[in-house]
Amino acid sequence: MAVRNQLIHRSPQAVWSVLADPTLYGEWVVGPSESTPLDLAWPEVGSRLRYTVRLGPWSTEGVTTVRHLETGRELELEASFKALGTARIFLQLRPWGGDTLVICDEHPLRGLGGTLHNPAVEVLLQLRHRGMLARLAKVVEQDQAEEVRPPDPVGPEARDT
């Protein structure tokens with residue numbers, strides 16, 4: 001299993017608002033260039049979104065389905081990509097002071113991805129997650145007006161005493 005984490009300098013609610021917006025999927029997930037909700041209830045369990053993956057002139061579509069949800073804390077997705085099969089992507093949000101620790105755990109379930117799953121694939125998933133979580137942090141953190149953060153309890157004024 002490829003597990004990776006990222007500290008995002010916003011509250012879990014701010015991170016969740018990006019995860020709950022299916023139109024932002026293509027901005028933070030590595031691979032898709034655009035996404036469209038297939039159900040109005042995203043991210044409720046069973047809701048789906050369609051995404052397009054482009055590589056030069058070539059493009060194909062996949063579908064992601066919500067399999068588990070704890071609003072504001074956990075989102076488990078099943079990504080289905082015709083040629084490669086399906087994968088489970090589990091995102092967990094943990095408060096970390098005024099920030100959020102996002103933990104991503106992904107592994108292939110069925111199809112070619114599951115059959116060919118090996119340590120080299122794990123390395124590729126780690127690289128994908130590093131990019132994906134960095135992009136998620138950028139999308140969440142770019143909204144400067146999102147929230148007023150409390151002062152750092154170990155800020156300069158606390159350190160001078």
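Everything discussed here concerns the structure shown above.
Quick caveat: nothing in here was measured; it's all calculated off a predicted structure.

A. Structural context of the overall build of the protein. Broken down by element type, the protein carries 5 helices and 7 strands. Moving toward the C terminus, one meets the helices and strands of the protein in the order β-α-α-β-β-β-β-β-β-α-α-α. Considering the protein as a whole, with its 161 residues, one finds that 42% of them fall into the buried category. Long-range contacts, defined here as pairs at least 24 residues apart, represent 47% of the contacts in the protein between residues at least 6 apart. As displayed, the protein offers around 9,000 Å² of accessible surface, 57% of which is attributable to carbon and sulfur atoms.

B. Broad picture of the nonpolar core. Residues Val15, Leu19, Trp28, Val102 and Leu136 are the most contacted members of the largest nonpolar core, which totals 31 residues. Per element, the largest residue contribution to this core is 6 residues, and it comes from helix α4 (residues 119-141).

C. The arrangement of the pattern of salt bridges in detail. Going through the model one piece at a time under the given rule, you end up with 6 salt bridges. Close ionic contact of Arg73 with Glu70 constitutes a salt bridge, the shortest N to O distance being 3.7 Å. By relative accessible area, Arg73 is classed as partly exposed at 47%. Of the residues examined, Glu70 reaches a relative accessible area of 30% and is grouped as partly exposed. In this structure, the salt-bridge partner of Arg88 is Asp105, at a minimum N-O distance of 3.4 Å. Linking Arg88 in strand β6 (residues 85-96) with Asp105 in strand β7 (residues 99-110), this pair joins segments that are 17 residues apart in sequence. Residue classification places Arg88 among the buried positions, given a relative accessible area of 18%. Classification of Asp105 by relative accessible area gives buried; the value is 12%. Shared partners join several salt bridges into a network, and the residues in it are Glu76, Arg88 and Asp105.

D. Representation of the pairing of strand β5 (residues 74-81). Counting buried residues in β5 gives 7 out of 8 residues, a clear majority hidden from the surface. Looking at chain direction, strand β4 (residues 58-70) and β5 are connected through 8 bridges and run antiparallel. Note that in β5 the partner of Thr64 across the bridge is Ala79. The loop that links β4 with its antiparallel partner β5 comprises 3 residues; one of these, Gly72, has a positive phi angle of about 80°. In terms of strand pairing, β5 meets β6 through 8 bridges, oriented antiparallel. When the bridges of β6 are listed, Glu74 appears paired with Gln92. Taking the residues between adjacent antiparallel strands as the criterion, β5 and β6 are bridged by 3 residues.

E. Examining the environment of Glu61 more closely. With respect to the secondary-structure elements, Glu61 resides in strand β4. Judged by its relative accessible area of 39%, Glu61 falls in the partly exposed class. C-alpha separation for the pair Glu61 and Arg50, spaced 11 residues apart in sequence, amounts to 6.8 Å. In this structure, Glu61 is in contact with Arg50, Tyr51, Thr52, Phe81 and Lys82, ignoring residues within four places of it in sequence.

F. Structural detail: the side chain of Arg88. Reaching out from Arg88, the side chain makes a polar contact with the side chain of Glu76 at a distance of 2.6 Å. In this view, Arg88 contacts Glu76, Leu77, Asp105, Glu106, His107 and Leu109; residues no more than four positions away in its chain are not counted.

About the criteria used
- Residues numbered from 1 in each chain as written.
- Predicted model: local features only at pLDDT ≥ 70, side-chain atom pairs only at ≥ 80, totals over all residues.
- Heavy atoms only, no water.
- Helix = DSSP H or I, 4+ residues; strand = E, 2+ residues; numbered from the N terminus.
- Buried < 20%, exposed > 50% of the residue type's maximum accessible area, 1.4 Å probe, protein only.
- Contact = heavy atoms within 4.5 Å.
- Areas by Shrake-Rupley, 256 points an atom, 1.4 Å probe, with all protein chains shown as cover.
- Core = buried A, V, L, I, M, F, W, Y, C linked by side-chain atoms within 4.5 Å.
- Salt bridge = Lys/Arg side-chain N within 4 Å of Asp/Glu carboxyl O.
- Pairing = 2+ DSSP bridges.
- Polar contact = N/O pair within 3.5 Å; in protein donor to acceptor, adjacent residues only side chain to side chain.

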